[in-house]
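Listed here are the chains, written in short residue letters.
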Amino acid sequence: MTREAADRGRTLLLAAVAGTAIANNYAVQPALTDVADQLGVPSSVIGLVPTAALVGCTAGFALLLPLVDRVAPRRLIAGQLAVLAAALVLAASAPGAGVLLAAYLVIGATAGVAAQAGGIACRPAPLSSTHPRAPEA
């Protein structure tokens, strides 16, 4: 595998991570009525789930996004994806609205991994000496 193919593969992987992570903020919205019925809570309470995801996302952008410059990207993304997976399991098995709201705060916060993956994918690669625009020595 050439380096160019490996770089393209990493970029595709980061794009998949970004899309999948951020989609979790919105995937529950079409099912909110069903979730409210299953948990036995009014629509006004279950309507807070998307709000919790967006509040979590804002907090994640403010608190976790800056870590991309301080923590090794592999560790940071892997850690956030692990927490995201745990929060999704918690949301899927939530016994009540309070647990679901807490899970969606965490889901929103860790969905910021999408922005981190995008930032990592866009980091400029070093120019080789054979690159047409490489600086003259």
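You'll find the structure just up there.
Residues numbered from 1 in each chain as written. Predicted model: local features only at pLDDT ≥ 70, side-chain atom pairs only at ≥ 80, totals over all residues. Heavy atoms only, no water.

A. Quick peek at the packing of helix H4 (residues 48-63) against helix H6 (residues 97-110). In the contact formed by H4 and H6, the axes pass within 6 Å of each other and the chain directions differ by 35°. Between H4 and H6 lies a crossing of right-handed hand. Contact residues: Leu48, Val49, Ala52, Ala53, Val55, Gly56, Cys57 and Gly60 in H4; Leu100, Leu101, Tyr104, Leu105, Gly108 and Ala109 in H6. When grouped by side-chain class, the residues that make up the contact of H4 with H6 number eleven nonpolar, three polar and no charged. (Axes fitted to C-alpha atoms, helices over the stretch in contact; angles between N-to-C directions. Helix = DSSP H or I, 4+ residues; strand = E, 2+ residues; numbered from the N terminus. Left-handed = near helix turned anticlockwise from the far one by under 90°. Contact = heavy atoms within 4.5 Å. Nonpolar A, V, L, I, M, F, W, Y, C, P; charged D, E, K, R; others polar.)

B. Here's a closer look at the packing of helix H5 (residues 73-92) against H6. At a minimum axis separation of 9 Å, H5 and H6 run at an interaxial angle of 155°. In this view, H5 runs roughly antiparallel relative to H6, as classed from their interaxial angle. Helix-helix and strand crossings are classified by hand; for H5 and H6 the assignment is left-handed. Between H5, through Gln80, Val83, Leu84, Ala87, Leu88, Leu90 and Ala91, and H6, the contact on the second element is made entirely by Val99, Leu100, Ala103, Tyr104, Val106, Ile107 and Thr110. (Parallel < 35°, antiparallel > 145°, perpendicular 65-115°, else oblique.)

C. Fine view of the nonpolar core. Of all hydrophobic cores here, the largest spans 30 residues; its most connected members are Ile46, Val49, Ile77, Leu100 and Tyr104. Listing elements by their share of this core, those giving two or more residues are helix H1 (3-23), helix H2 (32-39), H4, H5, H6 and helix H7 (113-121). Beyond its immediate sequence surroundings of up to four residues, Leu100 is in contact with Val35, Leu39, Ile46, Val49, Ala91 and Ala94. (Core = buried A, V, L, I, M, F, W, Y, C linked by side-chain atoms within 4.5 Å. Buried < 20%, exposed > 50% of the residue type's maximum accessible area, 1.4 Å probe, protein only.)

D. Looking closely at a nonpolar patch on the surface. A grouping of Val55, Val83, Leu105 and Val106 is seen on the molecular surface, where their side chains present a nonpolar patch of about 290 Å² in accessible area. Mapped onto the fold, Val55 is located in helix H4. Given a relative accessible area of 47%, Val55 falls into the partly exposed group. (Patch = residues over 30% accessible without salt bridge, like charges linked within 9 Å, V, L, I, M, F, W, Y side chains within 5 Å. Areas by Shrake-Rupley, 256 points an atom, 1.4 Å probe, with all protein chains shown as cover. Salt bridge = Lys/Arg side-chain N within 4 Å of Asp/Glu carboxyl O.)

E. View of the environment of Pro73. In this fold, Pro73 is placed in helix H5. Measuring from C-alpha to C-alpha, the distance between Pro73 and Ile120 comes to 7.4 Å, with 47 residues separating the pair along the chain.

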